[in-house]
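Coordinate inspection notes
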Amino acid sequence: MTIGDAAKASGVPAKMIRYYESIGLIPKAVRNDSGYRYYAITDIHTLRFIRRGRDLGFSIDAIMRLLALWRDHHRASADVKRIALDHAAALRSKIADLQAMLGPIEYLADHCQGDQRPDCPIMDDLADHAARSEQDARETRPRHTKTTQRRGVST
């Protein structure tokens, strides 16, 4: 099967198949005399496995480990479960981070008139934060006196 056929059969774009080959996630495809890549049905199964893993948000590194376990028929399911639970914990953390962002955004949007006037609490909040960040940066810079600046010493 050509790379285009493999892409259709697996749901993985040809560009990603080439990338997965380049990083060793899948073995290099067999090439014919013309240089075209050819894929076997086992390659399609592997690509589908990878696609499902990516759909679930697993990192490339985690998918590499899962692929190794998938190919190891003497694997311990505990190893697979550990990877899945680590990923679930990372997802929970991301969800908490997103929820923490959602409240302030909804609050600001609720307080924006959304009309033709330029004043907007969303813009005010963003600008105030930028100004505070700039002020904080100025306050944390080391201060130099004229005497110490001439000597090249900072205080």
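Our subject in this report is the structure included herewith. Please read all numbers here as calculations on a predicted model, not as lab measurements. (Residues numbered from 1 in each chain as written. Predicted model: local features only at pLDDT ≥ 70, side-chain atom pairs only at ≥ 80, totals over all residues. Heavy atoms only, no water.)

1. Describing the nonpolar core
Among the nonpolar cores identified, the biggest contains 21 residues, and Ile17, Tyr20, Leu25, Tyr39, Leu47 and Ile50 are the most heavily contacted of them. Of all elements in the fold, only helix H1 (3-10), helix H2 (14-22), helix H3 (41-55) and helix H4 (60-71) reach the threshold of two or more residues within this core. Per element, the largest residue contribution to this core is six residues, and it comes from H4. When sequence neighbours within four positions are dropped, the list of residues in contact with Leu47 reads Ala6, Ser10, Val12, Ile17, Tyr20 and Ile26. (Core = buried A, V, L, I, M, F, W, Y, C linked by side-chain atoms within 4.5 Å. Buried < 20%, exposed > 50% of the residue type's maximum accessible area, 1.4 Å probe, protein only. Helix = DSSP H or I, 4+ residues; strand = E, 2+ residues; numbered from the N terminus. Contact = heavy atoms within 4.5 Å.)

2. As for H1
Because the α-helix completes a turn every 3.6 residues, residues three or four places apart line up on one side. Within H1 the residues assigned to the buried category are Ile3, Ala6, Ala7 and Ser10. Taken end-on, H1 shows its buried residues confined to a sector of 100 degrees, consistent with a single buried face. Contacts made by the buried residues of H1 are with H2, strand E2 (37-38) and H3. Residue Gly11 follows H1 closely and has a positive phi angle near 80 degrees. (Arc of directions from axis to C-beta.)

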